[in-house]
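# Results of the structural survey
Spelled out, the chains give:
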Amino acid sequence: MEQTVSYTLDSTLETVDHAEEKATRIATELGFGEDEVMQISMAVREGAVNAVLHGNAYAPDKKVILAFERTSEDLVITIRDQGKGIDLSGIPNPLAPENLLKTSGRGIFLMRSFMDAVEIRPSQTGTEIKLIKHVRGSSAAGKEGSQ
Amino acid sequence: MSMKLSTRQVDGVTIVDASGRITLGEGSVLMRDTVRDLLAKGNKKIILNLGDVNYIDSSGIGELVSAYTTTKNQGGELKLLHLTKKVHDLLQITKLYTVFDVKDDEAAAVKAFK
């Protein structure tokens, strides 16, 4: 994978599947293990769902920008929509007893569960989600493995 | 792989055998329609066999919750059978594992209905 690759995608359900497929391929190429690949691809899927549905609301004139960047220590995935910006304060805790049986509202929670860090920046011109996964298997993993 | 569902009857219990992915779109809609159709026809003892479900996203989790609550609200009962590790782990981290009645054995699951 090059240092950074980015895609401009339509606000469709197909984009959600494509985003997941790209994440799976890139994470695999970068040497992540099977479980981590699944976590990364699922986090990207949830981010794409957020962008297509809640951000752009399927608007045909609005795009989803998906970018993968390999830094020295991390895989950083950016998903940006062109919606009105999500209201983070309006998202209830899906683990609270009163919310357990709600049929939605788990996307951001799953992203946070599966990634090492998640940054969400809503603005009036859209929401940007950064999904960060530390790349193991380099120096850090080597040290762990030699102990 | 898209989702496939088929239903069968065992001792008055409807078993829905699901395979593939329960995700936003077709998979979620198919699950919702199938459970609603069963309830409308009076089948209120339902087992969702998820043994061949290899992937589920937050929408799919929402559909499982919806199937559970819809069945319960209509006086029925819904159990989950044969969770794959991925689905099991997802239900654990979302704290739904203890909400659902999860079974590993089909015969025991059928017997467990009152």
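## Notes on the interface of chain B and chain A
Chain B puts 21 residues into the contact, and the matching count from chain A is 21 residues. Summed over both sides, the interface of chain B with chain A buries roughly 1800 Å², with 68% coming from carbon and sulfur. Where chain B touches chain A, the interface holds 2 salt bridges. The salt bridge involving R45 of chain A is made with D57 of chain B; its shortest N-O contact spans 2.8 Å. On the surface where chain B and chain A come into contact, there are 4 residue pairs in polar contact (both at pLDDT 80 or more). Of the residues forming the side of chain B that touches chain A, the biggest block, 7 residues, is contributed by helix α2 (residues 58-73) of chain B. Here the side of chain B that touches chain A is composed, by residue class, of 10 nonpolar, 7 polar and 4 charged.

## Details of the pattern of salt bridges
Throughout the structure, instances matching the rule amount to 17 salt bridges over all chains. A salt bridge links R121 of chain A to E119 of chain A; its shortest N-O distance comes to 2.9 Å. The class for E119 of chain A is partly exposed, based on a relative accessible area of 30%. R32 of chain B is paired through a salt bridge with E63 of chain B; the nearest N and O atoms lie 2.7 Å apart. Here R32 of chain B, found in helix α1 (residues 26-40), pairs with E63 of chain B, found in helix α2; they are 31 residues apart in sequence, far enough to count as distant. By relative accessible area, which is 30% here, R32 of chain B ends up partly exposed. The network of salt bridges with shared partners includes D17, E20 and R45 of chain A together with R21 and D57 of chain B.

## As for the side chain of N56 of chain A
Residue and element names in this part refer to chain A. Mapped onto the elements, N56 comes out in the loop between α2 (34-55) and β2 (63-70). A distance of 3.0 Å separates the side chain of N56 from the side chain of S11, its partner in a polar contact. When near neighbours in sequence (up to four residues on either side) are disregarded, N56 contacts S11, A51, K62, K63, V64, D81, Q82 and G83.

## A few points about the sheet that holds β2 of chain A
All names here are of chain A. Here 5 strands make up an open sheet; going across it, the order is β1-β2-β3-β5-β4 and the pairing antiparallel. For this open sheet the edge positions go to β1 (4-10) and β4 (117-123), each flanked by a neighbour on one side alone. Between one strand axis and the next, the sheet turns through 10° on average, direction left out of account. Where β1 meets β2, 7 bridges bridge the pair, whose relative direction is antiparallel. Each bridged residue has a counterpart across the sheet, and for V5 the counterpart in β2 is F68. Against the sheet, helix α1 (residues 13-29) touches β1, β2 and β3 (74-80), its axis set at about 165° to β1.

## Details of the layout of surface pockets
Within this model, the largest pocket holds a volume of roughly 520 Å³. In terms of lining, the largest pocket is formed by 27 residues, of which the most central are H54, S104, G105, R106 and G107 of chain A. Secondary-structure elements contributing two or more residues to the lining of the largest pocket are α2 and α3 (107-114) of chain A together with α1 and α2 of chain B. By volume, the second largest pocket is sized at about 340 Å³.

## Considerations on the pairing of strand β3 (residues 45-56) of chain B
Residues and elements named next belong to chain B. Sheet analysis places strand β2 (residues 13-22) next to β3, joined by 8 bridges and oriented parallel. Paired with D17 across the two strands is N49, which belongs to β3. Remark: the β2/α1/β3 crossover connection has right-handed handedness. Sheet topology places β3 next to strand β4 (residues 77-81); 5 bridges connect them, and they run parallel. If you follow L48 over to β4, its bridge partner there is L80. Handedness of the crossover is the feature at issue here: the chain leaves β3, passes through α2, returns alongside β4, and the resulting connection is right-handed.

## Side note on the packing of aromatic side chains
Tallied over the entire structure, the rule returns 2 aromatic pairs over all chains. Seen from their ring centres, Y7 of chain A and F68 of chain A are 6.3 Å apart, and the 80° between their planes marks the pair as edge-to-face. One end of the pair, Y7 of chain A, is in strand β1; the other, F68 of chain A, is in strand β2, with 61 residues separating them in the sequence. Each member of the pair, Y7 of chain A as well as F68 of chain A, carries the same accessibility label: buried. Ring centres of Y68 of chain B and F100 of chain B lie 5.4 Å apart, and the angle between their planes is 75°; on these two criteria the pair is classed as edge-to-face. A residue pair is termed long-range when its members are at least 10 positions apart, and Y68 of chain B in helix α2 and F100 of chain B in the loop between α3 (85-93) and β5 (101-103) qualify at 32 residues.

Rules used throughout
- Residues numbered from 1 in each chain as written.
- Chains lettered and ligands numbered in written order.
- Predicted model: local features only at pLDDT ≥ 70, side-chain atom pairs only at ≥ 80, totals over all residues.
- Heavy atoms only, no water.
- Contact = heavy atoms within 4.5 Å.
- Buried area = accessible area lost by both parts, 1.4 Å probe.
- Salt bridge = Lys/Arg side-chain N within 4 Å of Asp/Glu carboxyl O.
- Polar contact = N/O pair within 3.5 Å; in protein donor to acceptor, adjacent residues only side chain to side chain.
- Helix = DSSP H or I, 4+ residues; strand = E, 2+ residues; numbered from the N terminus.
- Nonpolar A, V, L, I, M, F, W, Y, C, P; charged D, E, K, R; others polar.
- Buried < 20%, exposed > 50% of the residue type's maximum accessible area, 1.4 Å probe, protein only.
- Pairing = 2+ DSSP bridges.
- Axes fitted to C-alpha atoms, helices over the stretch in contact; angles between N-to-C directions.
- 1 Å grid on protein atoms, 1.4 Å probe; cavity = no way out; pocket = protein on both sides within 12 Å on 5 of 7 lines; lining within 4 Å.
- Points joined across faces, edges and corners; volume = space filled by probe spheres on them.
- Right-handed = clockwise from strand over helix to strand, strands pointing away.
- Phe/Tyr/Trp six-rings, centres within 6.5 Å; stacked < 30°, edge-to-face > 60°.

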